[in-house]
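# Analysis of the macromolecular model
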Amino acid sequence: LKRYRQSVLKAAFEGKLTEEWREAHKSEIEPVSVLLERINEERKKKAKGKYKELPPLDTSDLPELPGGWMWARLDVICDKIQDGSHFSPKNQYKIPEKGRYLYVTAKNIKEDVIDLSNVTYVDQSFHRSIFERCNPEKGDVLLIKDGVKTGVATINNLKEEFSLLSSVALFKCNKNVLNSYYLKYFFNSPFGFKMITGKMAGTAIKRIILDKIRVSYIPLPSLLEQNNIVGKIENCISMVSEVET
């Protein structure tokens, strides 16, 4: 079952999972190149004359993609890529009280959920000091970038504000071009895992450097196809979970 799950994720990001769908819907699909050009124009407007053209992508070592797909840099298709606090809070609490906030670290990140069974809390002053820079919201992607479970990603399903430690990276997807679940499944796929952990540093503790994550590439189909891929992956995973149970 574990191998089957990984093979589904592998097929998804090679374009094999939606091969027939893509052929049947090719007249409805907007080319990704058009979408990325539009995002580029938006960025130029926001930059107000301070915009720097990005260097061309070097995809010479990357596999060929299906027709209509493109390689895209994560920092181009995400509105924010940031990690949590680089300083541990002086005080951590086991009991929630007014003025305290959840403190989420790598140990709380699982592939399908944020696990709060062993969570601690921080005071308001610490929370405010980090939340201005790193503000996870419901639907954002969280990725473990330090330690044993490096590379595991999940979707933030919490409505409340919380603080992150630097062992976790936050991704806010540009919703016009990138489905958050597509990004999550990419990170958890064999190919995505290889792409981002191929940039690991450190010997004792494995970690991915944030600046290198920002310039990592992702195979990008149209948003319509991403939605279809996510649906097919979730059907397969749901079936696997039932069999496991």
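About the cut-offs
- Residues numbered from 1 in each chain as written.
- Predicted model: local features only at pLDDT ≥ 70, side-chain atom pairs only at ≥ 80, totals over all residues.
- Heavy atoms only, no water.
- Axes fitted to C-alpha atoms, helices over the stretch in contact; angles between N-to-C directions.
- Helix = DSSP H or I, 4+ residues; strand = E, 2+ residues; numbered from the N terminus.
- Parallel < 35°, antiparallel > 145°, perpendicular 65-115°, else oblique.
- Contact = heavy atoms within 4.5 Å.
- Nonpolar A, V, L, I, M, F, W, Y, C, P; charged D, E, K, R; others polar.
- Pairing = 2+ DSSP bridges.
- Salt bridge = Lys/Arg side-chain N within 4 Å of Asp/Glu carboxyl O.
- Buried < 20%, exposed > 50% of the residue type's maximum accessible area, 1.4 Å probe, protein only.
- Core = buried A, V, L, I, M, F, W, Y, C linked by side-chain atoms within 4.5 Å.
- Left-handed = near helix turned anticlockwise from the far one by under 90°.

Another aspect to go through is the packing of helix H6 (residues 180–188) against helix H7 (residues 190–197). Contact geometry of H6 with H7 gives a least axis separation of 4 Å together with a crossing angle of 75°. Taken together, the axes of H6 and H7 lie roughly perpendicular to each other. When H6 is examined against H7, the residues Phe186, Phe187 and Asn188 are found in contact with a partner set consisting of Pro190, Phe191, Gly192, Phe193, Met195 and Ile196. When its residues are assigned to classes, the contact of H6 with H7 shows seven nonpolar, two polar and no charged.

Another point: the sheet that holds strand S7 (residues 162–164). Across the sheet, three strands lie side by side as S4-S3-S7; this open sheet has mixed pairing. This sheet does not close on itself; its edge strands, each paired only once, are strand S4 (120–123) and S7. Strand after strand, the sheet turns through a mean of 45° between neighbouring axes, direction not considered. Both strand S3 (residues 100–104) and S4 contribute to a ladder of four bridges, which runs antiparallel. Opposite Tyr101, over in S4, you have Val122 as the bridge partner. Docked against the sheet, helix H5 (residues 124–131) engages S3, S4 and S7, running at close to 90° with respect to S4.

This part takes up the pattern of salt bridges. Using the criterion set out here, one finds 15 salt bridges in the structure. Residues Arg22 and Glu225 are paired through a salt bridge, measuring 2.6 Å at the closest nitrogen-oxygen approach. Pair noted here: Arg22 is in helix H2 (residues 19–24) and Glu225 is in helix H9 (residues 223–244), with a separation of 203 residues, a long-range link. As far as burial versus exposure is concerned, Arg22 and Glu225 are alike and both buried. Linking Arg128 and Glu161 is a salt bridge whose minimum nitrogen-to-oxygen distance equals 3.1 Å. Placement of Arg128 in helix H5 and of Glu161 in the loop between strand S6 (153–155) and S7 is noted, with a sequence separation of 33 residues between them.

What follows deals with the nonpolar core. Residues Ile77, Phe171, Leu178, Leu183, Phe187, Ile218 and Ile233 are the most contacted members of the largest nonpolar core, which totals 45 residues. Discounting residues that sit within four places of it in the chain, Phe171 has contacts with Leu74, Cys78, Lys80, Ile81, Asp140, Val141, Leu143, Leu183, Phe187 and Ile213. Membership of the second largest hydrophobic core comes to 22 residues, among which are Tyr103, Val104, Ile144 and Leu165.

Positionally, Phe186 belongs in helix H6. Between the C-alpha atoms of Phe186 and Ser117, which are 69 residues apart in sequence, the distance is 26 Å. When near neighbours in sequence (up to four residues on either side) are disregarded, Phe186 contacts Phe13, Phe191, Gly192, Phe193, Met195, Tyr217, Ile218 and Pro219.

Packing of H6 against H9 leaves a shortest axis separation of 9 Å and a crossing angle of 55°. Regarding the angle of H6 to H9, the classification is oblique. The handedness of the crossing between H6 and H9 is left-handed. The segment H6 lies against H9, with Tyr181, Tyr182 and Tyr185 engaging Gln226, Ile229, Val230, Ile233, Glu234 and Ile237. A breakdown of the residues in the contact of H6 with H9 according to their chemical character gives seven nonpolar, one polar and one charged.

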